[in-house]
Amino acid sequence: MSHLAPPAAVVPAAGASTRMGKPKLLLPWGETTVLESTLAALRGGGVEAVVVVIAPDGPLSSWTPPPGVCCAVNPTPAQGMLSSVFVGLETLAASARVTLAPDPLLVCPADLPALRADTVAALLGAYHREGGIVVPRHGRRRGHPLLIAPSWQARIPELTPRREHRGVHVVETVGERDDDRAGVRDLRDRVVAGEAQV
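Residues numbered from 1 in each chain as written. Predicted model: local features only at pLDDT ≥ 70, side-chain atom pairs only at ≥ 80, totals over all residues. Heavy atoms only, no water.

Engineer: Sorry, what's going on with the state of the cysteines here?
Structural biologist: Counted under the stated rule, the structure contains zero disulfides. Considering cysteine sulfurs only, Cys71 is the nearest to Cys70, which forms no disulfide, with 7.1 Å between them. In this structure Cys70 comes out as partly exposed when scored by relative accessible area, which is 31%. (Disulfide = S-S within 2.5 Å. Buried < 20%, exposed > 50% of the residue type's maximum accessible area, 1.4 Å probe, protein only.)

Below is the structure:
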């Protein structure tokens with residue numbers, strides 16, 4: 001009998017995200033929005049449950065999530081992204097769909113609209129081969145989503161960017177297309193490069 005749940009994701013989205021003059025996560029991206037494109041990649045890549053963590057009175061407070069995605073509210077978003085990750089984990093634990101530790105947990109910023117489903121699937125494949133923690137990389141840049149095994153999920157507060165940990169596996173993103181860098185470039189990078197459809 002399995003003691004683990006299928007892959008699940010926490011998507012921190014409680015920031016003000018108004019540096020572009022309007023909520024960047026709701027900006028159009030192709031036929032959808034920045035946020036919903038990110039979510040579609042996660043779901044299409046094999047993530048069964050996704051929690052988007054929003055601020056109480058933020059720009060997403062009236063947003064309706066697509067099927068397979070739920071919202072949770074971080075009452076203290078000023079405490080940083082890690083506080084949103086904790087809220088997401090609590091929401092997953094309380095969910096009828098996820099009663100056990102996700103295997104793995106993916107932590108993914110909300111502003112990766114060029115992330116592709118096949119990249120997410122490839123990262124899940126690498127996780128199932130390697131276990132531990134899997135981090136995508138393009139060239140020398142590490143990115144997202146971060147995949148975390150159940151045994152590491154209780155240690156999330158220790159996973160700071162400046163520390164190396166045993167069990168961390170850095171995986172090259174799959175494919176030769178330049179946009180496979182999606183996992184290491186957020187929307188702000190892409191606007192600077194003139195690639196965002198805003």
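Engineer: Sorry, what's going on with the pattern of salt bridges here?
Structural biologist: Oppositely charged side chains may form a pair once their charged atoms are brought near each other. One pass over the full model with this rule turns up two salt bridges. Residue Asp111 is joined to Lys24 by a salt bridge in which the shortest nitrogen-to-oxygen separation is 2.9 Å. In this pair, Asp111 is assigned in the loop between strand S8 (105–107) and helix H3 (117–130) and Lys24 in the loop between strand S2 (8–12) and strand S3 (28–29), connecting sequence segments 87 residues apart. With respect to class, Asp111 is no different from Lys24; both count as buried. When the shortest N-O distance is used, the salt bridge between Asp118 and Arg116 registers 3.0 Å. (Salt bridge = Lys/Arg side-chain N within 4 Å of Asp/Glu carboxyl O. Helix = DSSP H or I, 4+ residues; strand = E, 2+ residues; numbered from the N terminus.)

Engineer: Mind showing me how you'd approach the environment of Gly131 here?
Structural biologist: As for its position among the elements, Gly131 is in the loop between H3 and strand S9 (133–138). Each C-alpha atom, one on Gly131 and one on Leu147, is 9.0 Å from the other, the two residues being 16 residues apart in sequence.

Engineer: Sorry, what's going on with the nonpolar core here?
Structural biologist: Soluble globular proteins: nonpolar side chains tend toward being buried together. Ranked by internal contacts, the top residues of the largest apolar core, which has 49 residues, are Val11, Leu35, Leu39, Leu42, Val50, Val52 and Leu106. At six residues, the largest contribution of residues to this core is made by strand S5 (residues 49–54). Setting aside its immediate chain neighbours within four residues, Leu106 contacts Pro7, Ala8, Ala9, Val10, Leu42, Val47, Val120, Leu124, Pro145, Leu146 and Leu147. (Core = buried A, V, L, I, M, F, W, Y, C linked by side-chain atoms within 4.5 Å. Contact = heavy atoms within 4.5 Å.)

Engineer: Explain helix H1 (residues 34–44) here, please?
Structural biologist: The complete set of buried residues in H1 reads Val34, Leu35, Ser37, Thr38, Leu39, Ala41 and Leu42. With its phi angle positive at about 115°, Gly46 sits one or two positions after the end of H1.

Engineer: Would you mind going over the pairing of S5 with me for this structure?
Structural biologist: A regular strand carries its side chains on alternate faces of the sheet. Most of S5 sits inside the fold, with six of its six residues counted as buried. Here S5 shows two buried faces, one formed by Ala49, Val51 and Val53 and the other by Val50, Val52 and Ile54. Relative to S5, S2 runs parallel, the two being bridged by five bridges. Considered in S5, the bridge of Val11 is made with Val52. (Pairing = 2+ DSSP bridges.)

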